[in-house]
Amino acid sequence: MASANTSWSEEDFSCSICLDVFSSPVTTPCGHNFCRTCVTKFWDEQVKYKCPVCNQIFDTKPDPPVNTLLSQLAAQFRTTVRVKEQPCVEPAEVPCDFCTGTQQKAVKSCLVCFTSYCQTHLEPHQRVARLQKHRLVEPMDRLEDRMCKKHDRLLELFCQTEQVCVCQFCTESDHKSHPVVPLKEEYEVKTAQLGKIEAEVPQMIQERKQKIKEIKDRVELSNKDADREIAIGGQVFTALIGCVEKGRDEFNQTVQEELKSTEKQAEDLIKELEQEIEDLTNRCSEVKQLSHTKDHLHFLQTFRSLKDPSPTRDWTTVEVRPPSYVGILRRSLDQLEETLNMEMKKLRDDAVDRVQQYEVDVTLDPDTAHPSLILSEDGKQVHHGGVRKVLPDNPKRFTNDISVLTRQSFSSGRFYFEVQVKDKTNGLLGVVRESIDRKGGTKWTPETGYWTLQYNRGWLLFSDNPDVCLPLRAELQKVGVFVDYDEGVVSFYDVEARVHIYSATGCTFIEPLYPFLCPGSRDYEGNNSAPLIISPVNQTD
């Protein structure tokens, strides 16, 4: 095939409809050439089938074949002749739907054709009378999505009731009674909301990053606590195992010694018996030999020389008794129990020592104290005064429960304090959350914000629903209260006995906690008038 004549112009190979180089060119019965897609679309929009150039009328819609020669020449022309350069479509611009080569920027969109046109391909809408009636708007992408599926009209309004975009016809039918606004107006409202969200999101992200850090820090702290506890527990159990093994070895040694003593006794008795047997055998031989002598003189002389028999033991009462191992085991177990008790006491002491390191210095807040309570000047003691004072109304003050809080509150970490309850007949102490009801008679339970230990000369209980009754080993002198806010644990200790009393676990703390003291009422005889005293750790009463 001869090469394309490079002297030919682009117009020689351009479709008169799309004005671009032919793509699958076809020839009409009147001899004019067009892109198959262009001429087919042109005829679809006409009432009569005619040539776009000479206006020759065709009785039926033609179906012209592709002009093979012209198609080859057009393809070769594309590779040998540079098509007139035009600026490409920018990413934010709408491309022309008719451009088959390099897509150009659309200048208008047709709401009837659902097509966007560049300046060149818009020409028929400006020239053809019927196309001039089409509604042209500023370029829009995805035109089908911008049209009402029901009324085939542009979505120009926003229904505030159903929060959907609607056309003008929708406001006269399905959305007739709904408030509607132009899209631009709703866009501005939503943009303002989006701006608020956009401003809030970084703060939310930062809060969550901080929460992640807190969680990671908590896990790291938990790992350290776990390592420390494992190390301490390992030492304790190693010591306990050592005690048990030592007791076992001592028991085995004692049993072996008893066995050896029995064996030694048996060996000595056997030797003695064997010696007697030997002596008796020798005497028996001498007697037998003498009995065969017929010489009277010799017999008598020899008989006189016979030794008197050695004294022998009465073996009928002699026996070897096996040792009583039951007594040995009993004594070993008693010794082991004593040793283990000592180790357990050391362990309990260590447990109390570990929580005491979180001691905090707290003082009582007079603004929260019930009118019948009397506080010391240093804020460390409180007792029932027997008379209800007239005090200014204060929302922080207890008016029904004879109680008082400390000035200090805690919202994280661990803290510990001790309260002397010596000479008290009853009372309560513990921690409460900030929002407790200070005016009514609320039941004191964790659900209502109270984690308290109630004590009496005869019993102890943790206030809950139901209450948890606890053993009272001896008269309480001082109670230690330990709180791990982050882990949700509240624990109580008998400080003097170095004994753990009770722990409330799995607690959820979402607000500040305050140490809480309730010294209880005193009767007419003055009983229970002793104060509750916040004492420093390790102070001797």
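Rules and cut-offs
- Residues numbered from 1 in each chain as written.
- Predicted model: local features only at pLDDT ≥ 70, side-chain atom pairs only at ≥ 80, totals over all residues.
- Heavy atoms only, no water.
- Helix = DSSP H or I, 4+ residues; strand = E, 2+ residues; numbered from the N terminus.
- Rg over C-alpha atoms; globule rule 2.2 N^0.38 Å.
- Buried < 20%, exposed > 50% of the residue type's maximum accessible area, 1.4 Å probe, protein only.
- Areas by Shrake-Rupley, 256 points an atom, 1.4 Å probe, with all protein chains shown as cover.
- 1 Å grid on protein atoms, 1.4 Å probe; cavity = no way out; pocket = protein on both sides within 12 Å on 5 of 7 lines; lining within 4 Å.
- Points joined across faces, edges and corners; volume = space filled by probe spheres on them.
- Nonpolar A, V, L, I, M, F, W, Y, C, P; charged D, E, K, R; others polar.
- Polar contact = N/O pair within 3.5 Å; in protein donor to acceptor, adjacent residues only side chain to side chain.
- pLDDT = per-residue confidence, 0-100.
- Contact = heavy atoms within 4.5 Å.
- Core = buried A, V, L, I, M, F, W, Y, C linked by side-chain atoms within 4.5 Å.
- Salt bridge = Lys/Arg side-chain N within 4 Å of Asp/Glu carboxyl O.
- Pairing = 2+ DSSP bridges.
- Axes fitted to C-alpha atoms, helices over the stretch in contact; angles between N-to-C directions.
- Phe/Tyr/Trp six-rings, centres within 6.5 Å; stacked < 30°, edge-to-face > 60°.

### Things to note about the overall build of the protein chain
Scanning the protein chain from N- to C-terminus turns up seven helices and 23 strands. For a compact globule of 541 residues, the expected C-alpha radius of gyration is about 24 Å, and the protein chain comes in at 55 Å, more than 25% above that figure. A principal-axis box enclosing the C-alpha atoms of the protein chain has dimensions of 185 × 105 × 40 Å. Scored against the burial criterion, the 541 residues of the protein chain give a buried share of 34%. By element, 53% of the accessible surface of the protein chain is carried by carbon and sulfur atoms, the whole surface being about 33,700 Å².

### Observations concerning empty space enclosed by the protein
Applying the stated criterion across every chain, the model contains two cavities of 30 Å³ or more. Roughly 90 Å³ of internal volume is contained in the largest cavity. In terms of lining residues, the largest cavity is bounded by V421, K424, Y455, N456, R457, W459, L460, L472, E475 and L476. Of the residues belonging to the lining of the largest cavity, the class tally is six nonpolar, one polar and three charged. Taken together, L460, P471, L472, R473, A474, D494, V499 and I501 make up the lining of the second largest cavity. A class-by-class count of the residues in the lining of the second largest cavity yields six nonpolar, no polar and two charged.

### Focus: helix α6 (residues 296–305)
Among the ten residues that make up α6, zero are buried, leaving the element largely open to the surroundings. Its side-chain oxygen placed 3.0 Å from the backbone nitrogen of L297, D295 serves as the N-cap of α6.

### Quick word on the confidence of the model for the protein chain
Summary statistics for the protein chain give a mean pLDDT of 85 and a share of 94% for residues scoring 70 or more. This model gives residues 1–6 a pLDDT under 50, and the stretch forms seven contacts once residues within four places in sequence are excluded. Of the regions scoring below 50 in pLDDT, residues 82–86 engages in four contacts with residues more than four places distant in sequence or in other chains.

### Section: the nonpolar core
Grouped together as the largest cluster of nonpolar side chains are 36 residues, with contacts concentrated most on W451 and F492. Setting aside residues no more than four positions away along its own chain, W451 makes contact with L429, G430, V431, R433, P446, F462, V490, F492, A504, C507, F509 and L513. By size, the runner-up hydrophobic cluster in this structure holds 19 residues, among which are C18, V39, A74 and F77.

### Examining the layout of surface pockets
Using a probe with the size of a water molecule, rolled over the atoms, empty space left in the structure can be pinpointed. Here the second largest pocket is characterised by a volume of approximately 430 Å³. In this structure, the second largest pocket is lined by 23 residues; those nearest its centre are I17, F42, P124, R127 and V128. When residues of the lining of the second largest pocket are traced back to their parent elements, those giving at least two are α1 (36–44) and α3 (123–127). When residues of the lining of the second largest pocket are assigned to their parent elements, the largest contribution, four residues, is made by α3. Within the lining of the second largest pocket, the residues separate by chemical class into twelve nonpolar, six polar and five charged.

### What to know about the pattern of salt bridges
Under the criterion given, the structure shown has 20 salt bridges. Salt-bridge contacts for E214 lead to K211; the nearest nitrogen and oxygen are separated by 3.1 Å. One end of the pair, E214, and the other, K211, are both in helix α5 (residues 183–291), three residues apart, so they sit about a helical turn from each other. By relative accessible area, which is 45% here, K211 ends up partly exposed. Across the pair R313 and E272 runs a salt bridge, and its minimum N-O distance is 3.1 Å. Note that R313 is positioned in the loop between α6 and α7 (325–356) and E272 in helix α5, a separation of 41 residues in sequence. Using a relative accessible area of 37% as the deciding quantity, one classes R313 as partly exposed.

### Structural notes on the sheet that holds strand β9 (residues 164–166)
Sheet architecture is open: three strands sit in the order β9-β8-β10, paired in antiparallel fashion. For this open sheet the edge positions go to β9 and β10 (180–182), each flanked by a neighbour on one side alone. When the angles between neighbouring strand axes are averaged without regard to direction, this sheet yields 35°. Contacts from α5 reach β8 (157–159), β9 and β10, with the element oriented near 90° to β10.

### A look at the side chain of D365
Note on placement: D365 falls in the loop between α7 and β11 (373–375). With relative accessibility at 7%, the residue D365 sits in the buried group. Of note is the side chain of D365, whose polar atom sits 3.4 Å from the side chain of K396. Apart from the residues within four sequence positions on either side, D365 is in contact with L375, K396, V404, L405, T406 and R407.

### Considering the packing of aromatic side chains
This structure, assessed with the given rule, holds twelve aromatic pairs. Ring centres 5.5 Å apart and planes at 20° place the aromatic pair W444 and Y450 in the stacked group. Across the pair, Y450 and W444 agree in class, each one buried. Ring geometry for W444 against F516: centres 5.5 Å apart, planes inclined by 80°, an arrangement best described as edge-to-face. Of this pair, W444 sits in the loop between β15 (426–433) and β16 (450–456) while F516 sits in strand β22 (residues 513–518), placing them 72 residues apart in sequence. Across this residue pair, the class does not change: W444 and F516 are buried. Of the aromatic side chains, those joined through ring pairs into one cluster are F398, W444, Y450 and F516.

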